Amino acid sequence: MICDFHTHSNVSDGSLSPRELVESAGREGVQVLALTDHDDVSGVPIAREVGRGLGIEILSGVEISVSEDDGARQMHVLGLGFDPDHPALVDSLSRIRMRREARVREMLSRLADAGVELPAESLETCGAVGRPHVARALVAAGACTSIQDAFVRYLRRGRPGYVPSAGVPARTAIELIQAAGGIACLAHPPLSAGVDQPGGLETFVERLVRLGLDGLEVWHPGHRSSQTKKLRRLARQFDLVQTGGSDFHGDVKPDIRLGRGRGGLKVGSAVYRAICARIRTRAQSGD
Ligand code: AMP
Ligand code: ZN
Ligand code: FE
Ligand code: FE
């Protein structure tokens, strides 16, 4: 069985629509898929509908931006298996998206100060706007040769167009997902900002466990095999469910395939069963 619990559509910063994404997953032989757009769940109903037609199991998903200590600590929290119509979740995500829009306006103003003028109209509108949209606009304007070039020269932390993420505290992200009946997992833990603080990954994860974290993303194309091993050990130590996915974005990351990542990703039925069991436990505990 091929599963993928981390994917993005053009509701956030991927290039395929939710329908195209699920159809593409079908062609790749993916049987269970979570659509996990950044700070937006509006693609979930259509993904489910298309999935029903193709016999693909669709799990509701979201990747919530977390930012703490003025951006010194930043991470992505993946929610899986929640009610996508839950009012508090829908409302909070819409407020995060408004902050994303303000952040992108600030990025455009900083880029202008650095000598690169991008008209606001050059950004494709979508649910959750972010750096990949600015990167595409930089390429379209001829200021950069590729998305990668745009990140390296302008959009990474420390570069002239960088503005810290528009996220919520980790506690809020975890509570919102759980209140909507889902489980909260730390996405690609080693890629979080602030994990290199004293104590490293272990201390970082331990704090989130105290806030109620349910799981860790163990399999991700950005993880080295030594990191995956360490994450599996941490998951066992803290009784966390282990998840994984490709973080597919379509042509934003052209080397990543659904269900396969860069080729070595293997997320199968045992992972799916463990995730479902944890979602059921959450639902029974009623918080
Ligand atoms: P944002 O949430 O606006 O900060 O944008 C973060 C997103 O940008 C990530 O989810 C990735 O999809 C994308 N991203 C980050 N770094 C790079 C990079 N070096 N090249 C391409 N995409 C990137
Ligand atoms: Zn993204
Ligand atoms: Fe992420
Ligand atoms: Fe992602």
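Everything quoted here is computed from the prediction, not taken from an experiment.

Colleague: Tell me about the overall build of the protein, and name the residues and values.
Modeller: Check the secondary structure of the protein and you find nine helices and seven strands. For the C-alpha atoms alone, the extent of the protein along its principal axes is close to 55 × 45 × 40 Å. Out of the 287 residues belonging to the protein, those deemed buried represent 55%. Expressed as a percentage of contacts within the protein between residues at least 6 apart in sequence, the contacts between residues at least 24 apart total 71%. Counting only carbon and sulfur atoms, one obtains 49% of the accessible surface of the protein, whose full area is about 12400 Å². Charge separation in the protein, taken as the distance between the mean sites of 36 positive and 35 negative side-chain charges, equals 6 Å.

Colleague: Tell me about the environment of Ile 56, and name the residues and values.
Modeller: Checked against the element boundaries, Ile 56 lands in the loop between α2 (44–54) and β3 (57–68). For Ile 56, a relative accessible area of 7% gives the class buried. Taking C-alpha positions, Ile 56 is 9.9 Å from Cys 3, a pair spaced 53 residues apart along the chain. For Ile 56, the contacting residues outside a window of four places in its chain are Val 22, Ala 25, Gly 26, Val 30, Gln 31, Val 32, Leu 33 and Gly 51.

Colleague: Please set out the sheet that holds strand β5 (residues 183–186) residue by residue, giving values where relevant.
Modeller: Within the open sheet, the seven strands sit side by side as β1-β2-β3-β4-β5-β6-β7. Their pairing is mixed. This sheet does not close on itself; its edge strands, each paired only once, are β1 (3–4) and β7 (241–244). As judged from the two bridges shared by β1 and strand β2 (residues 32–35), these two strands associate in the parallel manner. Directly across from Cys 3, in β2, lies its bridge partner Val 32. Against the sheet, helix α7 (residues 200–210) contacts β3, β4 (73–80), β5 and β6 (215–219), and its axis sits at roughly 50° relative to β4. On top of the sheet, helix α8 (residues 225–237) reaches β6 and β7; it is set at about 155° to β6, its chief contact.

Colleague: Summarise the coordination of the zinc ion (ligand 2); cite the residues concerned and give the values.
Modeller: At 2.0 to 2.6 Å from the zinc ion (ligand 2) lie its protein donor atoms, namely Asp 13 (OD), Asp 13 (OD), His 38 (NE2) and His 249 (NE2). Around the zinc ion (ligand 2) sit six donor atoms, and with donor-metal-donor angles ranging over 52 to 163° the site reads as irregular. Positions of the donor residues of the zinc ion (ligand 2), expressed as sequence spacing, correspond to D-x24-H-x210-H. In this structure the iron ion (ligand 3) is found 5.7 Å away from the zinc ion (ligand 2). Of this pair, His 38 sits in the loop between β2 and α2 while His 249 sits in the loop between β7 and α9 (269–285), and the two are 211 residues apart along the sequence.

Colleague: Please set out the coordination of the iron ion (ligand 3) residue by residue, giving values where relevant.
Modeller: Distances from the iron ion (ligand 3) to its protein donors, namely Glu 63 (OE), His 76 (ND1) and His 188 (NE2), fall within the range 2.1 to 2.2 Å. Each donor residue of the iron ion (ligand 3) lies on one chain, and together they are spaced E-x12-H-x111-H.

Colleague: Would you mind going over the side chain of Asp 247 in detail, with residue names and values included?
Modeller: Structurally, the position occupied by Asp 247 is in the loop between β7 and α9. Looking at Asp 247, the relative accessible area reads 5%, which means it is buried. Within the local environment of Asp 247, its side chain forms a polar contact with the side chain of His 220, the two groups lying 2.9 Å apart. Leave out the neighbours within four places in its chain, and Asp 247 touches His 6, His 8, Glu 63, His 188, His 220, Lys 253 and Ile 256.

Colleague: A description of the pattern of salt bridges should follow, citing residues and the corresponding values.
Modeller: One pass over the full model with this rule turns up 15 salt bridges. In this structure, Glu 28 engages Arg 257 in a salt bridge whose closest nitrogen and oxygen atoms are separated by 2.8 Å. Taken as a pair, Glu 28 in the loop between α1 (18–27) and β2 and Arg 257 in the loop between β7 and α9 lie far apart in primary sequence, 229 residues in all. Note that Lys 253 is salt-bridged to Asp 247, the shortest N-O span being 3.6 Å. Given the relative accessible area of 29%, Lys 253 is considered partly exposed. Within this structure, Glu 68, Asp 69, Arg 73 and Arg 207 form a network of salt bridges that share partners.

Rules used in this analysis
Residues numbered from 1 in each chain as written. Chains lettered and ligands numbered in written order. Predicted model: local features only at pLDDT ≥ 70, side-chain atom pairs only at ≥ 80, totals over all residues. Heavy atoms only, no water. Helix = DSSP H or I, 4+ residues; strand = E, 2+ residues; numbered from the N terminus. Buried < 20%, exposed > 50% of the residue type's maximum accessible area, 1.4 Å probe, protein only. Contact = heavy atoms within 4.5 Å. Areas by Shrake-Rupley, 256 points an atom, 1.4 Å probe, with all protein chains shown as cover. Lys, Arg positive; Asp, Glu negative; His and termini not counted. Charge placed at Lys NZ, Arg CZ, Asp CG, Glu CD. Pairing = 2+ DSSP bridges. Axes fitted to C-alpha atoms, helices over the stretch in contact; angles between N-to-C directions. Donors = N, O, S within 2.8 Å, 3.2 Å for Na, K, Ca; no water. Tetrahedral: all angles 85-135°; square planar, octahedral: opposite > 155°, others 65-115°. Polar contact = N/O pair within 3.5 Å; in protein donor to acceptor, adjacent residues only side chain to side chain. Salt bridge = Lys/Arg side-chain N within 4 Å of Asp/Glu carboxyl O.

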